[in-house]
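What follows is the residue order along each chain.
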Amino acid sequence: MEIVAKPNKYELGEMLLEIGSLLMVSGANTERVKVTISRIASAFDCDSDLMITNHALMITLTYKDKIKTFTSVRWVPNMHLNFNLISDISTMSWKIVEEKWSVERINKEMKLLDRKPLYPRFAVLFLVALAGASFCRLFGGGLIEMILCFSGSFLGLFVRQETMKLKFNFYVCIFFAALTSSFLVGLYSFLNPEGEFIHALSTSVLFLIPGVPMINSFSDLIDGNILNGTTRGVNVLVIAFAIALGLMVSLLIFNLH
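Reading the values: the criteria
Residues numbered from 1 in each chain as written. Predicted model: local features only at pLDDT ≥ 70, side-chain atom pairs only at ≥ 80, totals over all residues. Heavy atoms only, no water. 1 Å grid on protein atoms, 1.4 Å probe; cavity = no way out; pocket = protein on both sides within 12 Å on 5 of 7 lines; lining within 4 Å. Points joined across faces, edges and corners; volume = space filled by probe spheres on them. Helix = DSSP H or I, 4+ residues; strand = E, 2+ residues; numbered from the N terminus. Nonpolar A, V, L, I, M, F, W, Y, C, P; charged D, E, K, R; others polar. Pairing = 2+ DSSP bridges. Axes fitted to C-alpha atoms, helices over the stretch in contact; angles between N-to-C directions. Buried < 20%, exposed > 50% of the residue type's maximum accessible area, 1.4 Å probe, protein only. Lys, Arg positive; Asp, Glu negative; His and termini not counted. Salt bridge = Lys/Arg side-chain N within 4 Å of Asp/Glu carboxyl O. Contact = heavy atoms within 4.5 Å. Polar contact = N/O pair within 3.5 Å; in protein donor to acceptor, adjacent residues only side chain to side chain. Phe/Tyr/Trp six-rings, centres within 6.5 Å; stacked < 30°, edge-to-face > 60°. Parallel < 35°, antiparallel > 145°, perpendicular 65-115°, else oblique. Left-handed = near helix turned anticlockwise from the far one by under 90°.

1. Considering the layout of surface pockets
Piece 1. If you add up the space inside the largest pocket, you get close to 1,800 Å³.
Piece 2. What lines the largest pocket is a set of 48 residues, and nearest its centre among them are Met79, His80, Leu81, Asn82 and Arg160.
Piece 3. If you list the elements that add at least two residues to the lining of the largest pocket, you get helix 1 (9-26), helix 3 (83-99), helix 5 (121-138), helix 6 (143-165), helix 7 (170-191), helix 9 (211-222) and helix 10 (226-253).
Piece 4. Sort the elements by how many residues they give to the lining of the largest pocket and helix 5 lands first, with 8 residues.
Piece 5. A per-class count over the lining of the largest pocket returns 32 nonpolar, 10 polar and 6 charged.
Piece 6. The calculated volume of the second largest pocket comes to roughly 160 Å³.

Next comes the structure, spelled out in structure tokens:
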């Protein structure tokens, strides 16, 4: 067990902001971020006051003598889901309390966790497309529609990843992905007017449905974090609008009804 010396207030504050930022980016809801940061701060005999918005995290640390020692704000980038990282940070937070880790050890562990490899890109593309084809089958689609849905989902996710790399607006990335996925199905319908396409069209964009932001929105509202819950809820609506807009453009291009 390590003996925890009282850390420099800036080191402790910046470390907590970094952990909070990683949790938010990875898809944690507001209450989980608060609880995890509070748990780690308590290991250093500190109280943490957090103000969390959709893209910012502000923290104030106060030692037991009630003297405020640190206040700072950290900008949080767009969500990039990583549930493994959320779980690893939660497990680490309990070890910090029980084993009395130092700030240096925590920073070292955070670097290791943040560098953990994600799933290969092709595997993600393939499995997401396979999930889309499976939903198409569940909704009553045949083999041709499943192939169309698989191809549309694969290409749509690829387009979304590439546009995100090019730093396009997040909602524009969603629009292009929905347009790409539905365009392929629309093209098939245009070339084969007697064929079925509705199941493939409706399931080719399911991978874009913002499930985690939607769940986090309800969770925040239930926990009393009204501002964050409302903000995330509006974000879900804008994403849904971008998906619908992509579908509508494809329908208009091929004059589908």
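2. Let's talk about the sheet that holds strand 2 (residues 56-63)
Piece 1. Pairing is antiparallel in the open sheet, where 3 strands are placed in the order 1-2-3. Each end of this open sheet is capped by a strand with a single partner; those strands are strand 1 (46-52) and strand 3 (68-75). Each strand of the sheet is rotated relative to its neighbour by a mean of 15 degrees, with strand direction disregarded.
Piece 2. Both strand 2 and strand 3 contribute to a ladder of 7 bridges, which runs antiparallel. Residue Ile59 lies in a different strand from strand 3, and its bridge partner there is Ser72.

3. A closer look at the side chain of Glu145
Piece 1. Along the chain, Glu145 falls in helix 6.
Piece 2. One buried charge, Glu145, has no salt-bridge partner; the nearest side chain with opposite charge is Arg137, at 8.0 Å.
Piece 3. With near-sequence residues (within four places) excluded, Glu145 lies in contact with Cys136, Glu196, Phe197, Ile198, His199 and Ala200.

4. Some thoughts on the side chain of Asn216
Piece 1. Relative to the helices and strands, Asn216 resides in helix 9.
Piece 2. Of the residues examined, Asn216 reaches a relative accessible area of 6% and is grouped as buried.
Piece 3. There is a polar contact of 3.0 Å between the side chain of Asn216 and the backbone oxygen of Gly27.
Piece 4. Each residue touching Asn216, except ones within four places of it in the same chain, is listed here: Gly27, Ala28, Asn29, Met79 and Arg232.

5. Points about the pattern of salt bridges
Piece 1. Under the definition given, this model contains 6 salt bridges.
Piece 2. One salt bridge in this structure joins Glu14 and Arg74, with 2.9 Å as the shortest N-O distance. Here Glu14, found in helix 1, pairs with Arg74, found in strand 3; they are 60 residues apart in sequence, far enough to count as distant.
Piece 3. Exposure remark for Glu14: the relative accessible area of 33% places this residue in the partly exposed category.

6. Considering the packing of aromatic side chains
Piece 1. Counted according to the given criterion, the structure contains 11 aromatic pairs.
Piece 2. When the centroid spacing of 5.8 Å and the interplanar angle of 45 degrees are considered together, the rings of Phe190 and Phe254 count as tilted. Here Phe190, found in helix 7, pairs with Phe254, found in the segment after helix 10; they are 64 residues apart in sequence, far enough to count as distant.
Piece 3. Here the aromatic residues Phe122, Phe126, Phe150 and Phe154 are joined through ring pairs into a cluster of three or more.

7. Structural notes on the packing of helix 1 against helix 2 (residues 30-42)
Piece 1. Contact geometry of helix 1 with helix 2 gives a least axis separation of 10 Å together with a crossing angle of 155 degrees. As summarised for this structure, helix 1 and helix 2 are arranged roughly antiparallel, according to the angle between their axes. For the pair helix 1 and helix 2, the crossing hand works out as right-handed. Contacts between helix 1 and helix 2 involve Met15, Leu16, Ile19, Gly20, Leu23 and Met24 from the former and Val33, Thr36, Ile37, Ile40 and Ala41 from the latter.
Piece 2. Per-class residue counts for the contact of helix 1 with helix 2 are 9 nonpolar, 2 polar and no charged.

8. Examining the packing of helix 2 against helix 3
Piece 1. Contact geometry for helix 2 and helix 3: axes closest at 9 Å, N-to-C directions at 25 degrees. Classified by the interaxial angle, the pair formed by helix 2 and helix 3 is roughly parallel. Handedness of the helix 2/helix 3 crossing: left-handed. Contact residues: helix 2 offers Arg32, Thr36, Arg39 and Ile40, while helix 3 offers Ile86, Ile89, Ser90, Ser93, Trp94, Ile96 and Val97.
Piece 2. Within the contact of helix 2 with helix 3, the residues separate by chemical class into 6 nonpolar, 3 polar and 2 charged.

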